[in-house]
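So the chains spell out like this:
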Amino acid sequence: MTAAADYSGRSLWLDTLAAPIVPRPQLRADIAADVVIVGAGLIGLWSAYCLALAEPTLEIVVLEAEIAGFGAAGRNAGFVSAGIAGKAQAYIARGGWEGVRRAERAMIEGIDHVGEVVAREGIECGWTKGGSLRIATSQAQLERVRAGLESRRERGLGESDVRLLGANEVAVRVRVSGVVGGAFTPHCARVHPGRLVRGLADACERHGVEIFERSRVCRIKPGQVRCAPGNGLAAATVRAPIVVQATEAFTVDLPGQHRDYMPVLSHMLATEPLDDQTWSAIGWERCETVADQRHLFTYAQRTADGRIAIGGRGAWYRMGSAIRASDERPPAVHAALERTLRAWFPAAANAAITHRWGGVLAVPRDWSMSIGLDRATGLARAGGLAGHGLVASSLCGRTLADLILERNSELTSLPWVGHHGGRWEIEPARVIAQRLITTVLASADSTEDAGRGPAKRTRLVSRFTPSR
């Protein structure tokens, strides 16, 4: 891939950047650095940015197989949201419930940290901190909203952090057809994620970080990273005492790491910019992010240029953890999203759909993120954000910077530091389980949509999926 059009067509966000995509130089020769980071997504770029600010003398190199923001960073929903990444129970062994509470508060505080960097670096990404709505379109969903609120109360979140809303209170904010209630938290911002990640890459370069794009890594070892030959290039190596792996879902393509994550696709579509009359009917002036409480849930934002961008989790997974561009636009999934869009927002029933896309996220075996540094080998790693990347990636970057610079901090004591989520089962076990779970969840949604009461999660579903 060399032309801007090859990348801009991958999502609304990469198609509506402030400037055309011009790939950065490739790695063409062996070099040395103090730190080499594999992956120019949000984890890799935040790590580079935080290290460069903390220790400007460091020589930091970032290697990216495509372009900065090619993966989930440039295709996600644009929710800079709170909420721990994964199951609270997964972290208890490393810090008890107090550790979980500290982790949750760190995620909340992390939202403003991202906003501060956006402002300081002048990143024009449509940052609007309007909060977030969890909406219920059935009584079963409303029960889950209430259960989620109770769980958050147990983790120390008060009325100022999250509160229940009646149907009329939701409608004051945004008019979604069929809503019976919901919950609101002020702890969320809406962004244009493509502009955020590309702006962060530019900020890294301003602070002395060197980024090589279209430089695919084929081997990671202590002290060195090897880039594969191709596109007319010879193989090249970066040698550094610290090697940071920030490859998320694409980790599965590296030797020996095939079962570290399950790469699961989320899909989205976006309307054309809507006119003032349509927005008057919908409301949504404060640009809250919106997500429902279906088992295969749907989420949406009002974009900075006046579109509705809506997405959903269909738990799309291909056997063998294969990641294919052909899976990014499945007609049936996008048709279902379009039906939900028209049902939620009747005023936009005739709006044209201009963009359809998908992106792959990294799901660890226990759905919970991890951050770590092996001081003996110099190998560092962070990932498994499972859809919480816009805030969790910043936490990963700041935490890795502290670990690398040997600074004890509040961040380095959080329970995901040193956490290991285990490995996924060998095939065909995981593809069979994933397809069965998707079928069960879809059936549960159909049951609840028909008004037949809440569907219970089976033991298998609870084992393989996080609670919401």
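Up top is the structure these notes are about.
Residues numbered from 1 in each chain as written. Predicted model: local features only at pLDDT ≥ 70, side-chain atom pairs only at ≥ 80, totals over all residues. Heavy atoms only, no water.

1. A closer look at the overall build of the chain
- On a plain count of helices and strands, the chain comes out with 13 helices and 20 strands.
- Against the globule reference of 23 Å for 468 residues, the chain gives a C-alpha radius of gyration of 21 Å, in line with a compact fold.
- For the chain, the spread of C-alpha atoms along the three principal axes comes to 60 × 45 × 45 Å.
- Split into buried and exposed, the 468 residues of the chain put 56% on the buried side.
- At a minimum sequence separation of 6, the contacts of the chain that also span at least 24 residues come to 76%.
- When the accessible surface of the chain is summed, it comes to about 18600 Å², and 52% of that surface belongs to carbon and sulfur atoms. (Helix = DSSP H or I, 4+ residues; strand = E, 2+ residues; numbered from the N terminus. Rg over C-alpha atoms; globule rule 2.2 N^0.38 Å. Buried < 20%, exposed > 50% of the residue type's maximum accessible area, 1.4 Å probe, protein only. Contact = heavy atoms within 4.5 Å. Areas by Shrake-Rupley, 256 points an atom, 1.4 Å probe, with all protein chains shown as cover.)

2. Description of the pattern of salt bridges
- Within this structure, the stated rule accounts for 28 salt bridges.
- Note that Arg-153 is salt-bridged to Glu-159, the shortest N-O span being 3.0 Å.
- Taking the relative accessible area as the measure of exposure, Glu-159 reaches 54% and is therefore exposed.
- A salt bridge links Asp-402 to Arg-407, with the shortest nitrogen-to-oxygen separation between them at 2.7 Å.
- Looking at Arg-407, the relative accessible area reads 37%, which means it is partly exposed. (Salt bridge = Lys/Arg side-chain N within 4 Å of Asp/Glu carboxyl O.)

3. Section: the packing of aromatic side chains
- Scanning all chains against the criterion turns up 9 aromatic pairs.
- Ring geometry for Phe-79 against Tyr-299: centres 6.1 Å apart, planes inclined by 80°, an arrangement best described as edge-to-face. A residue pair is termed long-range when its members are at least 10 positions apart, and Phe-79 in strand 4 (residues 79–81) and Tyr-299 in strand 16 (residues 298–302) qualify at 220 residues.
- Between the aromatic rings of Trp-284 and Phe-345, the centroid separation amounts to 5.4 Å while the plane-to-plane angle is 20°, which identifies the pairing as stacked. Residue Trp-284 is found in the loop between helix 9 (276–282) and strand 15 (289–292), and its partner Phe-345 is found in the loop between helix 10 (331–344) and strand 18 (353–363); the two are separated by 61 residues along the sequence. Phe-345 matches Trp-284 in its accessibility class, with the two residues each being buried.
- Pairwise contacts between aromatic rings join Trp-279, Trp-284, Trp-344 and Phe-345 into one cluster.
- The lysine or arginine in question, Arg-173, covers the ring of Phe-184, its NZ or CZ lying 3.8 Å from the ring centre. (Phe/Tyr/Trp six-rings, centres within 6.5 Å; stacked < 30°, edge-to-face > 60°. Lys NZ or Arg CZ within 6 Å of the ring centre and 35° of its normal.)

4. Thoughts on the pairing of strand 11 (residues 224–227)
- Here strand 10 (residues 217–221) runs beside strand 11; their pairing, made up of 4 bridges, is antiparallel. When the sheet's bridge partners are listed, Ile-220 is paired in strand 11 with Val-225.
- Two elements, strand 11 and strand 12 (residues 236–239), share 4 bridges in a ladder whose sense is antiparallel. Within strand 12, the position partnered with Val-225 by the bridge is Val-238. (Pairing = 2+ DSSP bridges.)

5. Observations concerning the side chain of Thr-237
- On the secondary structure map, Thr-237 appears in strand 12.
- Since its relative accessible area comes to 2%, Thr-237 is described here as buried.
- One polar contact links Thr-237 to Arg-226, side chain to side chain, over a distance of 2.6 Å.
- Residue contacts for Thr-237: discarding those within four places in its chain leaves Ala-29, Asp-30, Ile-31, Gln-224, Val-225 and Arg-226. (Polar contact = N/O pair within 3.5 Å; in protein donor to acceptor, adjacent residues only side chain to side chain.)

6. Thoughts on the packing of helix 5 (residues 96–120) against helix 11 (residues 389–404)
- Between helix 5 and helix 11, the shortest axis-to-axis distance is 9 Å and the interhelical angle comes to 90°. The angle between helix 5 and helix 11 falls in the class roughly perpendicular. On helix 11, the residues that touch Ala-106, Met-107, Gly-110, Ile-111, His-113 and Val-114 of helix 5 are Leu-390, Val-391, Ala-392, Ser-394, Leu-395 and Arg-398. (Axes fitted to C-alpha atoms, helices over the stretch in contact; angles between N-to-C directions. Parallel < 35°, antiparallel > 145°, perpendicular 65-115°, else oblique.)

7. Regarding helix 8 (residues 193–206)
- In this model helix 8 runs 20 Å from its N-terminal to its C-terminal C-alpha over 14 residues, within 8% of the 20 Å that 1.5 Å per residue would give.
- Burial of helix 8 is extensive: 10 of the 14 residues sit out of reach of the surface.
- Along helix 8, the residues classified as buried are Pro-193, Gly-194, Leu-196, Val-197, Arg-198, Gly-199, Leu-200, Ala-201, Ala-203 and Cys-204.
- Turning to helix 8, the residues buried within the fold contact helix 2 (12–15), helix 3 (42–54), helix 5, strand 9 (210–212) and helix 11.
- Looking one or two places after helix 8, you find Gly-208, whose phi comes out positive at around 95°. (Expected span 1.5 Å × (residues − 1).)

8. What to know about the sheet that holds strand 11
- On the basis of which strands lie adjacent, the open sheet formed by 4 strands has the order 1-12-11-10 and mixed pairing. What marks the edges here is a single partner per strand, and that holds for strand 1 (31–32) and strand 10.
- The sheet contact formed by strand 1 and strand 12 spans 2 bridges and is parallel. Note on strand 12: the bridge partner recorded for Ile-31 is Val-238.

9. A short note on the environment of Asp-327
- In this structure, Asp-327 sits in the loop between strand 17 (308–316) and helix 10.
- Spatially, the C-alpha atoms of Asp-327 and Asn-168 are 39 Å apart, while their sequence positions differ by 159 residues.
- Sequence-distant contacts of Asp-327, defined by excluding residues within four places in its chain, comprise Leu-265, His-267, Trp-316 and Arg-318.

10. Considering the environment of Gly-199
- Checked against the element boundaries, Gly-199 lands in helix 8.
- For Gly-199, a relative accessible area of 12% translates into the label buried.
- When the C-alpha positions of Gly-199 and Ile-282 are compared, they lie 31 Å apart, and in sequence the two are 83 residues distant.

11. Quick notes on the pairing of strand 19 (residues 370–374)
- Bridging between strand 19 and strand 20 (residues 379–383) involves 5 bridges; their strand directions are antiparallel. Paired with Ser-370 across the two strands is Gly-383, which belongs to strand 20.

Worth remembering: the numbers are spatial, not functional.
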